[in-house]
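Fold and geometry: a report
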Amino acid sequence: MPPILQRLQQATKMSRRKILLLVLGCSTVSLLIHQGAQLSWYPKLFPLSCPPLRNSLPRHKHMTVAFLKTHKTAGTTVQNILFRFAERHNLTVALPHPSCEHQFCYPRNFSAHFVHPATRPPHVLASHLRFDRAELERLMPPGTIYITILREPAAMFESLFSYYNQYCPAFRRVPNASLEAFLRAPEAYYRAGEHFAMFAHNTLAYDLGGDNERSPRADAAYLAGLIRQVEEVFSLVMIAEYFDESLVLLRRLLAWDLDDVLYAKLNARAASSRLAAIPTALARAARAWNALDAGLYDHFNATFWRRVARAGRACVEREARELREARQRLLRRCFGDEPLLRPAAQIRTKQLQPWQPSRKVDIMGYDLPGGGAGPATEACLKLAMPEVQYSNYLLRKQKRRGGARARPEPVLGNPPPRPIRVLPRGPQGP
């Protein structure tokens, strides 16, 4: 026992057990503790509200994770959690070769050749790619835990239609950029095999390495087979609509602490750039057009709640509530008493300005209050840093750490341009 606790025991005549319980209880108070560049709100134990089984042995944090970042599913927020965890623990993050920009040459099938040599061998992978099991197993070390996230297909399709409207030809053909017009007769606008066609039809299935042109109505066995393949590889399929509960399951799977999964919402559209509510008929049409995605989502949503039940639903919900409360305290500490998402034009910190996909879509972000420096400011900056800036920062950092490297491996063939253009270079991050 540390000397300070010994003196406390002598002064109070309390047992060692009571002193430890007192210390742990105090640790859960919402105080900000600096640990290098980390902002910590919780003790390095399971929260007392959801203790582990008595006979379970302590587990070390799992350090090798591959996240399949699906499109328009809150994947950028999960990616940021993984990037920050990797930085705190000095882990190597797999990042794309420059010719792939900030996705692994998506929409091509993933290849280990697409990974920048300065970021190999990696512990963590979290950038967009089209899933290829053999190539990922070639890249990632044995024992890697694979995770992904799905979103309700109608809501996801509305987001895809808005975000990629200027890049997907099927969307560009629609008069007045009308989602309703597209879903009324999608075959009139959609061309299978066209560049970026996957954004207009069963995007989840495509990202997972499946054939997005297959119809579960015509071939139910195909959907069942795709589900089996996903279940064989992924230890956790998170659900975007239940994001906090998903993070509770994630941090338990990886034996992480609750403060390891604190987050700021990233890549969110302004209210003016999205439908407030998707009409029932439109949602039904979106699910029918994306029937493969709907089948995947329905299956894994049910699987998700069975997993919550096994973990103890009341316990998971209580921990999710603790996560939300700690997250709000952290956002206030970082971004002011009333932390608000702001349009990019109002964000003074250039490292935090999110990229805008078109003039018709406003992507929001956070800004740091004026002044301030040190580890807390750096941690807050990383908490809200968009994907492009954070990827650039990590690549520079890992190049410096690796020192002189062999010349980069060439990317085979000419990767197609991806829809997310590189942001103009502003002042460099920390």
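Just so it is clear, the model here is predicted, and its values are computed rather than measured.

So, the overall build of the protein
Helix and strand content of the protein: 15 helices and 9 strands. Residues classed as buried in the protein amount to 53% of the 430 residues present.

Points about the sheet that holds strand E7 (residues 234–239)
If you walk across this open sheet you meet the 5 strands as E4-E5-E3-E6-E7, and the pairing is parallel. Edge positions in the open sheet fall to strand E4 (93–94) and E7, since each of these has one partner strand only. Across the sheet, helix H3 (residues 75–88) lies against strand E3 (65–68), E4, strand E5 (124–125), strand E6 (145–150) and E7, angled at about 165° from E3, the strand it touches most. Running over the sheet, helix H9 (residues 220–233) touches E6 and E7 and is turned about 110° from E7.

Focus on helix H10 (residues 243–253)
Each α-helix winds once per 3.6 residues, and so residues spaced three or four apart point in a common direction. Most of H10 sits out of view: 11 of its 11 residues are buried. Within H10 the residues assigned to the buried category are Phe243, Asp244, Glu245, Ser246, Leu247, Val248, Leu249, Leu250, Arg251, Arg252 and Leu253. Tucked into the core, H10 has its buried residues touching H3, E6, E7, helix H12 (291–311) and helix H13 (313–335). Positive backbone phi, approximately 60°, marks alanine 255, located one or two places after H10.

Some thoughts on the side chain of glutamate 387
Checked against the element boundaries, glutamate 387 lands in helix H15 (residues 387–402). With relative accessibility at 14%, the residue glutamate 387 sits in the buried group.

Overview of the state of the cysteines
One pass over the full model with this rule turns up 2 disulfides. Here cysteine 100 engages in a disulfide with cysteine 105; their sulfurs sit 1.9 Å apart. Torsion about the S-S bond of the cysteine 100 and cysteine 105 cystine: about -75°, corresponding to left-handed handedness. Given the relative accessible area of 3%, cysteine 100 is considered buried. Between cysteine 334 and cysteine 380 runs a disulfide, and the two sulfur atoms are separated by 2.0 Å. Handedness of the cysteine 334-cysteine 380 disulfide follows from its S-S torsion of about -70°: it is left-handed. One end of the pair, cysteine 334, is in helix H13; the other, cysteine 380, is in helix H14 (residues 375–383), with 46 residues separating them in the sequence. Comparing cysteine 334 with cysteine 380 shows no difference in burial state: the two are buried.

Some thoughts on the nonpolar core
Core analysis: the biggest nonpolar cluster contains 122 residues, and Leu125, Ile147, Phe182, Phe199 and Phe234 have the highest contact counts within it. In terms of residues, this core owes the most to one element, H13, which gives 8 residues.

A short note on the packing of aromatic side chains
Any two aromatic rings considered together are summarised by their centre-to-centre distance and by the angle between their planes. Summed over the entire model, instances satisfying the criterion amount to 25 aromatic pairs. Geometrically, the ring pair formed by phenylalanine 182 and tyrosine 189 is stacked, given 6.0 Å between the ring centres and 25° between the ring planes. For phenylalanine 182, a relative accessible area of 0% corresponds to the buried category. We classify tyrosine 189 as buried; its relative accessible area is 16%.

Thoughts on unusual backbone geometry
The phi angle of most residues is negative, glycine excepted, and most peptide bonds adopt the trans form. The peptide bond linking tyrosine 106 to proline 107 adopts the cis configuration, its omega dihedral lying at 15°. Residue position: proline 107 is located in the loop between E4 and E5. Of note, the amide linkage connecting arginine 120 to proline 121 takes the cis form, showing an omega dihedral of -10°. As for its position among the elements, proline 121 is in the loop between E4 and E5. One non-glycine residue with positive phi stands out, namely glutamate 101, at about 60°. Checked against the element boundaries, glutamate 101 lands in the loop between E4 and E5. On the accessibility criterion, glutamate 101 (30% relative accessible area) is partly exposed. Phi is positive for alanine 177, close to 50°, though the residue is something other than glycine.

Overview of the pairing of E6
Here E6 lies mainly inside the structure; 6 of its 6 residues are buried. Taken together, the 5 bridges between E6 and E7 define a ladder with parallel strand orientation. Within the sheet, the bridge partner assigned to isoleucine 147 lies in E7 and is leucine 236.

Remarks on H9
Helix length check: H9 (14 residues) gives 21 Å between terminal C-alpha atoms against 20 Å at 1.5 Å per residue, within 8%. Buried within H9 are the following residues: Tyr222, Leu223, Gly225, Leu226, Ile227, Val230 and Val233. Taken together, the buried residues of H9 touch helix H4 (133–139), E6, helix H8 (203–207), E7 and H12.

What counts, and at which threshold
- Residues numbered from 1 in each chain as written.
- Predicted model: local features only at pLDDT ≥ 70, side-chain atom pairs only at ≥ 80, totals over all residues.
- Heavy atoms only, no water.
- Helix = DSSP H or I, 4+ residues; strand = E, 2+ residues; numbered from the N terminus.
- Buried < 20%, exposed > 50% of the residue type's maximum accessible area, 1.4 Å probe, protein only.
- Pairing = 2+ DSSP bridges.
- Contact = heavy atoms within 4.5 Å.
- Axes fitted to C-alpha atoms, helices over the stretch in contact; angles between N-to-C directions.
- Disulfide = S-S within 2.5 Å.
- Core = buried A, V, L, I, M, F, W, Y, C linked by side-chain atoms within 4.5 Å.
- Phe/Tyr/Trp six-rings, centres within 6.5 Å; stacked < 30°, edge-to-face > 60°.
- Expected span 1.5 Å × (residues − 1).

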